[in-house]
Amino acid sequence: QIGSVWWYMAAVVLWMLGEAIADVTTETLVPELLPRSQYDVGANIRAINFLVGGLVGYATLIIFRHWDYSWLYYGYLSVMLLCAFLTLSFTNTEDLEASRPQRRKNWPVGK
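These numbers come from a predicted model, not from an experiment.

Asker: I tried to follow the overall build of the chain on my own but got confused; where do I start?
Answerer: A count of helical and extended segments in the chain gives 4 helices and 0 strands. Its helices and strands in sequence order give the chain the pattern α-α-α-α, from N to C terminus. In the chain, buried positions account for 9% of the 111 residues. In the chain, 70% of the contacts between residues at least 6 apart in sequence involve partners at least 24 apart. Carbon and sulfur atoms make up 67% of the accessible area of the chain, which totals about 10,000 Å².

Asker: So what exactly am I meant to see when it comes to the confidence of the model for the chain here?
Answerer: Predicted coordinates in areas of low pLDDT are best not read in detail. Summing up the model confidence of the chain, the mean pLDDT is 76 and the portion of residues at 70 or higher is 78%. Put simply, helix α4 (residues 93–99) is where the chain has its lowest mean pLDDT, 59, and helix α2 (residues 39–63) is where it has its highest, 84.

Asker: Mind showing me how you'd approach a nonpolar patch on the surface here?
Answerer: There is a patch of nonpolar side chains on the surface, built from Y58, L61, Y69, L72, Y73 and Y74 and spanning about 670 Å² of accessible area. The dominant element in the nonpolar patch, judged by the number of residues it contributes, is helix α3 (residues 71–89), at 3 residues. Topologically, Y58 is positioned in helix α2.

Asker: Help me out: how do you make sense of the packing of helix α1 (residues 5–33) against α3 in this one?
Answerer: When two helices pack together, you describe them by how their axes are tilted relative to each other and by the distance separating the axes. Relative to each other, α1 and α3 sit at 20°, their axes nearing to 10 Å. Considering the angle they form, α1 stands roughly parallel to α3. Handedness of the crossing formed by α1 with α3: left-handed. Residues A11, L14, W15, G18, E19, I21, A22, T25 and L29 of α1 form the contact with α3, whose participating residues are Y73, Y76, L77, M80, L81, A84, T87 and L88. Considered class by class, the residues forming the contact of α1 with α3 number 13 nonpolar, 3 polar and 1 charged.

Asker: Mind showing me how you'd approach the environment of T26 here?
Answerer: Considering the arrangement of structural elements, one finds T26 in helix α1. It is 8.8 Å that separates the C-alpha atoms of T26 and T87, two residues lying 61 residues apart in sequence. In contact with T26, other than residues within four places in its own chain, are P31 and R46.

Asker: Looking at this model, I keep getting lost on the packing of aromatic side chains. Mind explaining?
Answerer: The description of an aromatic ring pair rests on the distance of the ring centres and on the angle between the ring planes. Under the defined criterion, the tally for this structure stands at 3 aromatic pairs. Judged by centre distance (5.4 Å) and plane angle (65°), the rings of F64 and W71 are edge-to-face. Geometrically, the ring pair formed by W67 and W71 is edge-to-face, given 6.5 Å between the ring centres and 75° between the ring planes. Given a relative accessible area of 54%, W67 falls into the exposed group. Using a relative accessible area of 25% as the deciding quantity, one classes W71 as partly exposed. Following the ring pairs from residue to residue traces out a cluster consisting of F64, W67 and W71.

What counts and how
Residues numbered from 1 in each chain as written. Predicted model: local features only at pLDDT ≥ 70, side-chain atom pairs only at ≥ 80, totals over all residues. Heavy atoms only, no water. Helix = DSSP H or I, 4+ residues; strand = E, 2+ residues; numbered from the N terminus. Buried < 20%, exposed > 50% of the residue type's maximum accessible area, 1.4 Å probe, protein only. Contact = heavy atoms within 4.5 Å. Areas by Shrake-Rupley, 256 points an atom, 1.4 Å probe, with all protein chains shown as cover. pLDDT = per-residue confidence, 0-100. Patch = residues over 30% accessible without salt bridge, like charges linked within 9 Å, V, L, I, M, F, W, Y side chains within 5 Å. Salt bridge = Lys/Arg side-chain N within 4 Å of Asp/Glu carboxyl O. Axes fitted to C-alpha atoms, helices over the stretch in contact; angles between N-to-C directions. Parallel < 35°, antiparallel > 145°, perpendicular 65-115°, else oblique. Left-handed = near helix turned anticlockwise from the far one by under 90°. Nonpolar A, V, L, I, M, F, W, Y, C, P; charged D, E, K, R; others polar. Phe/Tyr/Trp six-rings, centres within 6.5 Å; stacked < 30°, edge-to-face > 60°.

Here it is, written out as structure tokens:
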């Protein structure tokens with residue numbers, strides 16, 4: 001049954017999963033992978049992505065307003081996974097490891 005509570009709950013879980021994927025890639029990975037001197041640039045890019053994503057989302061809803069709304073769930077999941085995959089695939093951690101100072105492995109305990 002399409003109008004059931006279970007379908008609604010599944011859609012909410014899908015939405016929360018997409019939000020978690022977006023938050024992890026933009027709020028957790030970016031500060032870890034950028035030097036402090038580029039935090040402002042990263043924040044600006046994130047703001048632009050947020051603004052453009054919202055505008056494209058609203059434009060998409062306006063353009064496809066006569067279609068059945070169920071395509072939104074599949075489209076949302078696909079776009080979230082695609083964006084997360086692109087972020088992770090273009091992440092180069094070799095340069096990051098080379099730029100950070102080495103951590104001591106055996107710290108003296110109790111001194």
